[in-house]
Amino acid sequence: MNKLVKRLGLTEQRILFEQVNAAVDQAERIAILGASGQGKSTLLRILALLDVPDEGDLMWKGISYRDSDPRIWRMRMTYVAQQAVMLSGSVEDNLKMVHLLHRQPYDQDLAQRLLAGMGLENLDIQKRASDLSGGEKQRIALIRSMMLRPEVLLLDEVTASLDRTNARLVEEQLTRWSQQEGTSLVWVTHDQEQAQSFSTTTWFMGNQTLLERQPTAHFFDNPATDLARQFIMHPAPAAE
Ligand SMILES: Nc1ncnc2c1ncn2[C@@H]1O[C@H](COP(=O)(O)OP(=O)(O)OP(=O)(O)O)[C@@H](O)[C@H]1O
Ligand SMILES: [Mg+2]
């Protein structure tokens, strides 16, 4: 992405962020950190073309988003929202539906493996999806997206409704997936321990821009800015 700018408001005057420049490498695991309201979710949504930048460009392998089919773009870069949206029908219908929509074969073994890997081995997949708990819905939405094998997974606080044990399972599963499939992860989290355990790179949003972009260990040991140092010492409570 190149010099991205997002403004807010009817008059489009207030700048949410500007001069956001970054690239995502294959199989890179990126944690996006920053205080509430910095535009982390907005940035992910822009990357998935679910929102538009006011200036700047987004490129996929050298081709601008302006010259790309948004549907194909979203199959490569898939956004997984914090509030999971279930389609009607059973859990299994939910897992299969997207394959029907995308005309891709449904891999039942893979679905079972991912369910088990995320602590859902005992979930009755004939159950109505709308009856699932928030944390179950989050994991089903995540599995649904993973099974389409996008090249980049854009993850918006996807473990926010999970207890620590299940959150760890999801982290491990996603890390393995990224290593095996070459999938890049761009993961917004308020959990610094989580960021340190899964990510190779940290993006820190502050001062209305992407203030730091560092190898994760380096970011936590020796952040370049005072703002990041304060953030690491006193992370604001999550705003969910
Ligand atoms: N469509 C919109 N129209 C107007 N304002 C918006 C819109 N979307 C987001 N905002 C505003 O943009 C700012 C950034 O929102 P965003 O959800 O991207 O923040 P965030 O960094 O993800 O915060 P959090 O950590 O709380 O999830 C907020 O002030 C929000 O109210
Ligand atoms: Mg957010």
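Residues numbered from 1 in each chain as written. Chains lettered and ligands numbered in written order. Predicted model: local features only at pLDDT ≥ 70, side-chain atom pairs only at ≥ 80, totals over all residues. Heavy atoms only, no water.

**Side note on the site of ligand 1**
As a reminder, the rule being used: The rule for a residue being near a molecule or strand is that one of its heavy atoms must lie within 4 Å of it. In protein, a polar contact requires one atom able to donate a hydrogen and another able to accept it; more generally it is a pair of N or O atoms within 3.5 Å, and residues adjacent in sequence count only if both atoms are side-chain atoms. Accessible surface is estimated by sampling points in the Shrake-Rupley manner with a 1.4 Å probe; for residues, cover comes only from the protein chains shown. Segments assigned H or I by DSSP are reported as helices when at least four residues long, segments assigned E as strands when at least two residues long, and all are numbered from the N terminus.
Looking at ligand 1, there are 14 residues lining it, with S36, K40, S41, T42 and H190 nearest. The contact in question runs from an oxygen atom of ligand 1 to an N or O atom on the backbone of G39, over 3.0 Å. With respect to ligand 1, the side chain of E157 contributes an N or O atom lying 3.5 Å from an oxygen atom. Isolated, ligand 1 exposes 640 Å² of accessible area, and the fraction of that covered by the protein chains is 56%. At the level of secondary structure, the elements contributing two or more residues to the shell around ligand 1 comprise strand 2 (14-20) and helix 1 (40-47).

**Looking at the nonpolar core**
Applied cut-off: What makes a nonpolar core is a set of buried Ala, Val, Leu, Ile, Met, Phe, Trp, Tyr and Cys residues whose side-chain atoms join them at distances within 4.5 Å. When a residue's accessible area, from a 1.4 Å probe over protein chains only, is under 20% of the maximum for its type it is buried; when over 50% it is exposed; and in between it is partly exposed. For this analysis, residues touch if any pair of their heavy atoms sits within 4.5 Å.
I140, L142, I143, M146, L153, L155 and L174 are the most contacted members of the largest nonpolar core, which has 40 residues in total. No other element matches the five residues that helix 5 (residues 134-146) contributes to this core. Those residues in contact with L155 that sit more than four places away from it in its chain are L44, V80, L142, L174, L185, V186, W187 and V188.

**Quick look at the packing of helix 3 (residues 91-101) against helix 5**
Spelled out, the test is: Axis definition: a line fit to C-alpha positions, over the contact stretch in the case of helices; interaxial angles, taken between N-to-C directions, run 0 to 180 degrees. Here the angle decides the label: under 35 degrees means roughly parallel, over 145 means roughly antiparallel, 65 to 115 means roughly perpendicular, and every other value means oblique. Should the near helix be turned anticlockwise from the far one by less than a right angle, the crossing is left-handed, and should it be turned clockwise, the crossing is right-handed. Think of it as three bins: nonpolar holds Ala, Val, Leu, Ile, Met, Phe, Trp, Tyr, Cys and Pro, charged holds Asp, Glu, Lys and Arg, and polar takes everything else, Gly as well.
In the contact formed by helix 3 and helix 5, the axes pass within 9 Å of each other and the chain directions differ by 30 degrees. Taken together, helix 3 and helix 5 sit at an angle that is classed as roughly parallel. For helix 3 against helix 5, the interelement crossing comes out right-handed. Residues V91, N94, L95 and V98 of helix 3 lie in contact with helix 5, whose contacting residues are I140, I143 and R144. Split into classes, the residues belonging to the contact of helix 3 with helix 5 amount to five nonpolar, one polar and one charged.

**Here we look at the packing of aromatic side chains**
Selection criterion: For Phe, Tyr and Trp, where Trp contributes only its six-membered ring, two rings pair if their centres lie within 6.5 Å, and the inter-plane angle classes them as stacked under 30 degrees, edge-to-face over 60, or tilted in between.
Taken as a whole and judged by the stated rule, the model has five aromatic pairs. Taking 5.8 Å as the distance between ring centres and 35 degrees as the angle between the ring planes, the aromatic pair formed by F204 and F219 counts as tilted. Note that F204 is positioned in strand 10 (residues 201-206) and F219 in helix 8 (residues 216-221), a separation of 15 residues in sequence. Given the relative accessible area of 2%, F204 is considered buried. One aromatic cluster is present, formed by F204, F219, F220 and F231 through successive ring pairs.

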